[in-house]
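Chain residues, written in single-letter form:
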Amino acid sequence: MAEIIHTISQVKSEALEIFRKEFGKDSDICVFAPGRVNLIGEHTDYNEGFVLPMALPMVTMIVGKLNGKSTCTIVSTSKSLTTTSKIEFEVSDRSKVVPGEPKWANYVKGCIAFFPADVPGFDAVIVSTVPMGSGLSSSAALEVATYTFIEALTGVECKDLRDKALICQKAEHQFANVPCGIMDQFISVIGQQGHALLLDCRDLSVTQIPMDGIDNYAFLITNSNAPHKLSSSAFRERRDACFEAAKKLGKKSLREVTLDDLESLKKEGATETMLKRVSHVINENSRTLAATAAFKAGDYVKVGELMNESHDSLRDNYEVSSHELDTLVNTARKVAGVLGSRLTGAGFAVTAINTEMF
Ligand code: ADP
Ligand code: MG
């Protein structure tokens, strides 16, 4: 906990200093939103299943101030940007806030455009410790930080946090043109320290899951550094197989399908590949619920086993792993104290470690 506060206070000092240099005045608003890692529940979201993400201590922070004008000026200090890092646009008439270049600004513009009240002119600086474009959800952190910043600027606060997450998702869909699910925005808005978040993607209900005894354990997130984003056609092939399987069984989604249905699915002419995809989704939903119970009970050995099973199924049944990710996971599993390891996001592995053993 102390470390997290220290990190955030460092980010804050940096952001305040840059704002002062950039705008020649002090800012009076400071907000931040976290990135996330999904602990278990992979490829379940679009099948109306369960996901279990956790917010990270890496955050996107925005500091700023009203400027008394009809425009906003925003500077991002991210070193990963390949285009201009400073943008200025009119905010007084929000129907004129539309997507354009640079692309990164579209995440911000979308939140401004869909904010449920007028937005006055402001100056702002964005500083982030969430790695960009790496599967730890810097995009949702940027949207949620932007939305929270405008709430502070206007005093208009969203009453239902789920609505806030949905507006941020809409910004990503319609302004950044990314058809993302809802997990990233939900965990960035609702995530609490010391808790994972169980999200039911069928009815968007959420439950904070206390991670009992978490202080004796660590989650290590490692980057394979190999570009590993499931291509859109490979993703579509898997998603369509799931949708088609549900349709063959006369169900709305795979959430309503059980392992007992696999026989009927075979009779309906499902291919071996389709059966593998479906069994992954059904078992992954069960694993996610089992992991939820294990977290509550502080049974991290069980959490580790479920993480291992999740990875093995993603590798063998959903076929979305890679040589690099398997190498990271297998290497981690050989280390004493490691309870489990799996792939998560694009090019990452997350490993549960019992820190008491070191
Ligand atoms: P991820 O969410 O996994 O990090 P995405 O591709 O969904 O990856 O989102 C990354 C994009 O979000 C970046 O390419 C950039 O456009 C935008 N973005 C995220 N963080 C920042 C930031 N701090 N400053 C500017 N743009 C950012
Ligand atoms: Mg993203």
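Residues numbered from 1 in each chain as written. Chains lettered and ligands numbered in written order. Predicted model: local features only at pLDDT ≥ 70, side-chain atom pairs only at ≥ 80, totals over all residues. Heavy atoms only, no water.

K.L.:
Can you walk me through the overall build of the chain in this structure?
P.N.:
Secondary structure summary: the chain contains 10 helices and 10 strands in total. Taken over the C-alpha trace, the chain has a radius of gyration of 21 Å; the compact-globule value for 358 residues is 21 Å, and the two agree within 12%. A principal-axis box enclosing the C-alpha atoms of the chain has dimensions of 65 × 50 × 35 Å. Counting all 358 residues of the chain, 52% fall into the buried class. In the chain, 67% of the contacts between residues at least 6 apart in sequence involve partners at least 24 apart. Carbon and sulfur atoms make up 52% of the accessible area of the chain, which amounts to about 16100 Å² in all. Charged side chains in the chain number 38 positive and 45 negative. The centres of these two groups are separated by 3 Å. (Helix = DSSP H or I, 4+ residues; strand = E, 2+ residues; numbered from the N terminus. Rg over C-alpha atoms; globule rule 2.2 N^0.38 Å. Buried < 20%, exposed > 50% of the residue type's maximum accessible area, 1.4 Å probe, protein only. Contact = heavy atoms within 4.5 Å. Areas by Shrake-Rupley, 256 points an atom, 1.4 Å probe, with all protein chains shown as cover. Lys, Arg positive; Asp, Glu negative; His and termini not counted. Charge placed at Lys NZ, Arg CZ, Asp CG, Glu CD.)

K.L.:
Even after reading the chapter, I still don't get the domain arrangement of the chain, so can you show me in this structure?
P.N.:
It is common to give the size of an interface as the accessible area lost on bringing the parts into contact. Under the domain assignment used here, the chain contains domain 1 (8–210) and domain 2 (214–357). Summarising the inter-unit geometry, the C-alpha centres of domain 1 and domain 2 are found 28 Å apart. Each side of the interface is counted separately: domain 1 has 25 residues, and domain 2 has 36 residues. The junction of domain 1 with domain 2 conceals about 2700 Å² of combined surface from both sides, 66% of it contributed by carbon and sulfur atoms. Taken together, domain 1 and domain 2 are joined by three salt bridges. Here Glu 42 and Arg 342 are joined by a salt bridge, their closest N and O atoms 2.4 Å apart. There are 14 residue pairs in polar contact (both at pLDDT 80 or more) connecting domain 1 and domain 2. Among the secondary structure elements, those contributing two or more residues to the side of domain 1 that touches domain 2 are β1 (29–40), β2 (50–66), β6 (195–200) and β7 (205–210). The element best represented in the side of domain 1 that touches domain 2 is β2, accounting for five residues. For the side of domain 1 that touches domain 2, a count of residues per class yields 13 nonpolar, eight polar and four charged. (Domains from an automatic or database assignment. Buried area = accessible area lost by both parts, 1.4 Å probe. Salt bridge = Lys/Arg side-chain N within 4 Å of Asp/Glu carboxyl O. Polar contact = N/O pair within 3.5 Å; in protein donor to acceptor, adjacent residues only side chain to side chain. Nonpolar A, V, L, I, M, F, W, Y, C, P; charged D, E, K, R; others polar.)

K.L.:
When you look at the packing of helix α2 (residues 105–114) against helix α4 (residues 161–174) in this model, what are you seeing that I'm missing?
P.N.:
Packed helices, taken two at a time, are described by their axes: the angle between them and the distance between them. One way to put it is that α2 packs onto α4 with a least axis distance of 8 Å and a crossing angle of 125°. Taken together, α2 and α4 sit at an angle that is classed as oblique. Considering only the axes of α2 and α4, their crossing is right-handed. Contact residues: α2 offers Tyr 107, Gly 110, Cys 111 and Phe 114, while α4 offers Ile 167, Cys 168, Lys 170, Ala 171, Glu 172 and Gln 174. (Axes fitted to C-alpha atoms, helices over the stretch in contact; angles between N-to-C directions. Parallel < 35°, antiparallel > 145°, perpendicular 65-115°, else oblique. Left-handed = near helix turned anticlockwise from the far one by under 90°.)

K.L.:
Quick question: what am I supposed to make of α4 here?
P.N.:
Since one α-helical turn is 3.6 residues long, residues separated by three or four positions face the same way. Its 14 residues place the ends of α4 20 Å apart at the C-alpha level, agreeing with the 20 Å of an ideal helix rising 1.5 Å per residue. Taken as a whole, α4 has its buried residues at Lys 164, Ala 165, Ile 167, Cys 168, Gln 169, Ala 171 and Glu 172. Looking at the buried residues of α4, the elements they touch are α2, α3 (138–154) and α5 (183–190). Where α4 starts, the residue carrying a side-chain oxygen 2.9 Å from the main-chain nitrogen of Arg 162 turns out to be Asp 160. (Expected span 1.5 Å × (residues − 1).)

K.L.:
In this structure, what is going on with unusual backbone geometry? I would like to understand it.
P.N.:
With an omega of -5°, the peptide bond between Glu 101 and Pro 102 qualifies as cis. Mapped onto the elements of the fold, Pro 102 is located in the loop between β4 (86–90) and α2. Phi is positive for Leu 204, which is not a glycine, with a value near 60°. In this structure, Leu 204 sits in the loop between β6 and β7. Phi at Glu 319 takes a positive value of approximately 50°, unusual for a residue other than glycine. Position of Glu 319 among the secondary structure elements: in the loop between α9 (300–316) and α10 (323–333).

K.L.:
What is the right way to look at the pairing of strand β5 (residues 122–128) in this model?
P.N.:
Both faces of the sheet carry side chains from a regular strand, because those side chains alternate between them. The buried count for β5 comes to six of seven residues, which makes it a mostly enclosed element. The pairing of β2 with β5 spans seven bridges and is antiparallel. Residue pairing across strands places Met 61 opposite Val 127, the latter belonging to β5. Note that strand β3 (residues 71–76) and β5 share four bridges and pair parallel. Note on β5: the bridge partner recorded for Ser 76 is Ile 126. (Pairing = 2+ DSSP bridges.)

K.L.:
Quick question: what am I supposed to make of the UniProt feature "domain: GHMP kinase N-terminal" (unreviewed entry) in the chain here?
P.N.:
Feature annotation in UniProt assigns "domain: GHMP kinase N-terminal" (unreviewed entry) to the following positions: residues 106–191. End C-alpha to end C-alpha, residues 106–191 measures 24 Å, and it is 56% helix and 8% strand. (UniProt positions renumbered as here; feature names shortened; annotations may be inferred.)

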